[in-house]
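Chain residues, written in single-letter form:
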Amino acid sequence: MPDVLRFEDELESQVEVLAAAAARVAGPGPFDAAVEVEAAKTPFLSRPAVLLSLADRVAYHAVVGSVMPRIEALLSPAVFSARASADPSYLLLSGSEQWVLWQKEVAKAIDDGFTWMVKTDVSGYFENIQHRILFAEFDALGPDAEVSAGLKRMLGSWATVSGRGIPQGPDVSRVLGNLYLVPVDQVMIAGPWQYLRYQDDIRVLARSRREAVEGMRQLQRECRLRGLMLSADKTAPLVGEAARQSTADAELDAAQYWLSVAPNRVGRGQLRRILRRALGSDGRVNGRRARFSLYRLWRLRDSGPLKLVLQRFEDLAPLGSLGPQYLLPFLDRVSVQRRLTAFLQDGQRNTSAFLSTWLLAAMIEQGGGIPTEWVMYARRVVENRNQPSYHRIVAANVIGAGRRAADLSWLKDAVRFEYEPGLLRGYLVALARAGELQRDVTNTAVGRMPSLGRTVDYLRGRTDLPSLIDLRRRVSIRGR
């Protein structure tokens, strides 16, 4: 979920952020409560994720980063996910590039005679990591005592189930995920089969059916020892040509080729076909193919699949911001506005606060005036205290950008009575979008919560804010 300012107000004083993070690691007190997010995994299911405060996120990265070289040294070449980058500008190597390398290594193993391949993954990987086991592995790396204690306190504070799970979202969680599976990796690479892993996606390749069965049973035993279970639904054997075909996607390769030559009608047509097939008629979505095509269609500003996207919008929830991002260039079209209004008002389709938040984030940037129906929907979200705070904060910024007098009056009143810091900060940003961040309002807010002085200083006199959808964009907040 996007922070309403991309943390720019806090990042203006990086020294303070670092000092706060260091104090939390060193001190005995608790970390901030993690905000739970039901991130869409499929149109019907979700995965638990969390939002951390900026200081806590920095502390988490620092604690894991302090031992990351030792974790990296333990990893086998058979592991392709969350590998440390040699470039100090980046924490990890590119995930997409590493995924491609993983697929190529799987294909090479098949060509080398390991023609029996079993695809599998770990069910609920991050949420089922056992703290007792993870902390023992972490302490074996010889971290500073303060670092070790800090990690135990923070993961204990953020756990939705006591003693289990690490936060999904931060990059360093993937690093800890790799550490947790090191003993499994070590056993599996010693076998006669080929074992290759990308996070919790695993391939076991063998020369015969018997060897494949033995390899999978060994993997299952090792995972059970660490409180993990393989997904029965996602475990499938493939043999020979079927195994080889699973590592290649000629259609995606061809589309990328034509786009690299020129963004012509051939490449566009292939992308549209890929998207159409990714959105299966049974409601299922092939996430990788949908992301591949929709991202490139957005870059091309291609309206060809616009009708399909609007018809199947609820099924795009697992893609997060990508569906609303694709729609962004077309939000001023009356036909698009009508279809989105119908979606918002349809309780059978609009069932995900996760997707709704991203859609509202896109609506903030509608340059031609926000339709009344969208503002009315946002108002209902803001006033509903049963909605997650991140949903209400973005909705508040829609009504701020809508600049209706009654809504601005409501926001000013809310500043006087709201007790949740995140919502209060969100209301100030919403008023700034409307050019209504008056001194009496800011004095009231800072008087109630002095920490908001940093946000007020950031907003005062500002003419633009960061886009919540596209990191490269700025959004004007004056002269709408």
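Residues numbered from 1 in each chain as written. Predicted model: local features only at pLDDT ≥ 70, side-chain atom pairs only at ≥ 80, totals over all residues. Heavy atoms only, no water.

Student: What is the right way to look at the overall build of the protein in this model?
Tutor: When helices and strands are counted, the protein shows 23 helices and 8 strands. For 480 residues, the compact-globule estimate of 2.2 N^0.38 gives 23 Å, and the protein sits close to it at 24 Å. Judged by the C-alpha coordinates and their principal axes, the protein covers about 75 × 60 × 40 Å. Among the 480 residues that make up the protein, the fraction classed as buried is 50%. Sequence-distant contacts, at least 24 apart, represent 70% of the contacts inside the protein between residues at least 6 apart. When the accessible surface of the protein is split by element, carbon and sulfur atoms take 51% of a total near 22,100 Å². (Helix = DSSP H or I, 4+ residues; strand = E, 2+ residues; numbered from the N terminus. Rg over C-alpha atoms; globule rule 2.2 N^0.38 Å. Buried < 20%, exposed > 50% of the residue type's maximum accessible area, 1.4 Å probe, protein only. Contact = heavy atoms within 4.5 Å. Areas by Shrake-Rupley, 256 points an atom, 1.4 Å probe, with all protein chains shown as cover.)

Student: For this particular structure, what's the right way to read the sheet that holds strand S3 (residues 116-121)?
Tutor: Paired through their backbone hydrogen bonds, the strands of a sheet run either parallel or antiparallel. An order of S4-S5-S3-S6 is seen for the 4 strands of this open sheet, with the pairing classed as antiparallel. Of all strands in the sheet, those with a lone pairing partner are strand S4 (194-198) and strand S6 (236-239), marking the two edges. Strand-to-strand twist across the sheet, computed as the mean angle between neighbouring axes with direction ignored, equals 20°. For S3 and S6, the ladder comprises 4 bridges, and the chain directions are antiparallel. The residue of S6 that forms the bridge with Val118 is Pro237. Its contacts with the sheet put helix H5 (residues 95-111) on S3, S4 and strand S5 (201-206), and the angle it makes with S4 is roughly 165°. On top of the sheet, helix H8 (residues 171-189) reaches S4 and S5; it is set at about 165° to S4, its chief contact. (Pairing = 2+ DSSP bridges. Axes fitted to C-alpha atoms, helices over the stretch in contact; angles between N-to-C directions.)

Student: Can you walk me through unusual backbone geometry in this structure?
Tutor: Outside of glycine, negative phi angles account for most residues, and trans bonds account for most peptide bonds. A positive phi angle, near 50°, is found at Arg6, a position not held by glycine. The residue Arg6 is located in the segment before helix H1 (8-11) in this model. Its relative accessible area of 25% is what places Arg6 among the partly exposed residues.

Student: Please explain the packing of helix H19 (residues 389-402) against helix H20 (residues 405-417) as it appears in this structure.
Tutor: Each pair of packed helices can be described by the angle between their axes along with the distance between the axes. Packing of H19 against H20 leaves a shortest axis separation of 8 Å and a crossing angle of 135°. Taken together, H19 and H20 sit at an angle that is classed as oblique. In this structure, H19 crosses over H20, and the sense of that crossing is left-handed. Listed contacts from H20 to Ala396, Ile399 and Gly400 of H19 are Asp407, Leu408 and Leu411. Taken together, the residues that form the contact of H19 with H20 break down as 4 nonpolar, 1 polar and 1 charged. (Parallel < 35°, antiparallel > 145°, perpendicular 65-115°, else oblique. Left-handed = near helix turned anticlockwise from the far one by under 90°. Nonpolar A, V, L, I, M, F, W, Y, C, P; charged D, E, K, R; others polar.)

Student: Where do I start with helix H9 (residues 209-225) in this structure?
Tutor: Within an α-helix, residues lying three or four positions from one another point in the same direction, as the helix has 3.6 residues per turn. Across its 17 residues, H9 extends 25 Å between first and last C-alpha, which sits within 8% of the 24 Å expected from 1.5 Å per residue. Taken together, the buried positions of H9 are occupied by Glu211, Ala212, Gly215, Met216, Gln218, Leu219, Glu222 and Cys223. Down the axis of H9, the sector holding all buried residues measures 160°, keeping them to one side. Of the exposed residues in H9, the ones pointing more than 90 degrees away from its buried face are Arg209, Arg210, Arg217 and Leu225. Tucked inside the fold, the buried residues of H9 contact S3, H8, S4 and S5. The positive-phi residue at the C-terminal boundary of H9 is Gly227, with phi of around 75°. (Expected span 1.5 Å × (residues − 1). Arc of directions from axis to C-beta.)

Student: Looking at this model, I keep getting lost on the packing of aromatic side chains. Mind explaining?
Tutor: Aromatic ring pairs are described here by two measures, namely the spacing of the ring centres and the angle between the planes. Taken as a whole, this structure holds 9 aromatic pairs when the rule is applied. With centroids separated by 5.5 Å and ring planes inclined at 80°, the aromatic side chains of Tyr60 and Trp158 adopt a geometry described as edge-to-face. With Tyr60 in helix H3 (residues 54-65) and Trp158 in helix H7 (residues 145-158), the pair connects residues that are 98 residues apart, well separated along the chain. Centroid distance Tyr125 to Phe126: 5.0 Å. Interplanar angle 50°. Geometry classified as tilted. Judged by relative accessible area, which is 3%, Tyr125 ranks as buried. You can call Phe126 buried: its relative accessible area is 14%. An aromatic cluster is defined as three or more aromatic residues linked by ring pairs; in this entry it consists of Phe31, Tyr60 and Trp158. Directly above the aromatic system of Tyr458 lies the positively charged group of Arg462, at a separation of 3.8 Å from the ring centroid. (Phe/Tyr/Trp six-rings, centres within 6.5 Å; stacked < 30°, edge-to-face > 60°. Lys NZ or Arg CZ within 6 Å of the ring centre and 35° of its normal.)

Student: Just to check I follow, could you spell out the environment of Phe44 for this structure?
Tutor: Within the secondary structure layout, Phe44 lies in the loop between strand S1 (35-40) and strand S2 (46-51). Here Phe44 falls in the exposed class, since its relative accessible area comes to 76%. When the C-alpha atoms of Phe44 and Ala317 are compared, they prove to be 9.4 Å apart, with 273 residues separating the residues in sequence.

Student: Explanation requested: the packing of helix H2 (residues 14-26) against H7 in the structure shown.
Tutor: Two numbers describe how H2 lies on H7: the axes approach to 8 Å, and their chain directions differ by 90°. By the angle class used here, H2 and H7 are roughly perpendicular. Every residue of H7 that contacts H2 at Arg24, Val25 and Ala26 is listed here: Glu146, Gly150 and Arg153. Here the residues of the contact of H2 with H7 are counted per class, giving 2 nonpolar, 1 polar and 3 charged.

Student: Could you clarify how one ought to interpret the pairing of S5 in this entry?
Tutor: Looking along a regular strand, one sees side chains alternate from face to face of the sheet. Among the 6 residues of S5, 5 are classified as buried, and the element is accordingly described as predominantly covered. Across 6 bridges, the pairing between S3 and S5 is antiparallel. From the neighbouring strand, Asp121 faces S5, where its bridge partner is Asp201. As paired strands, S4 and S5 are joined by 5 bridges and run antiparallel to one another. Within S5, the residue paired with Gln194 across the bridge is Leu205.

Student: Honestly, the nonpolar core in this entry has me stumped. Any pointers?
Tutor: Inside soluble globular proteins, nonpolar side chains tend to come together where they are buried. Residues Tyr326 and Leu327 are the most contacted members of the largest nonpolar core, which totals 82 residues. Excluding anything up to four places from it in sequence, Leu327 contacts Leu306, Val309, Leu310, Phe313 and Leu340. Judged by nonpolar contacts, the second largest core, of 61 residues, contains Ala21, Phe114, Phe126 and Phe135. (Core = buried A, V, L, I, M, F, W, Y, C linked by side-chain atoms within 4.5 Å.)

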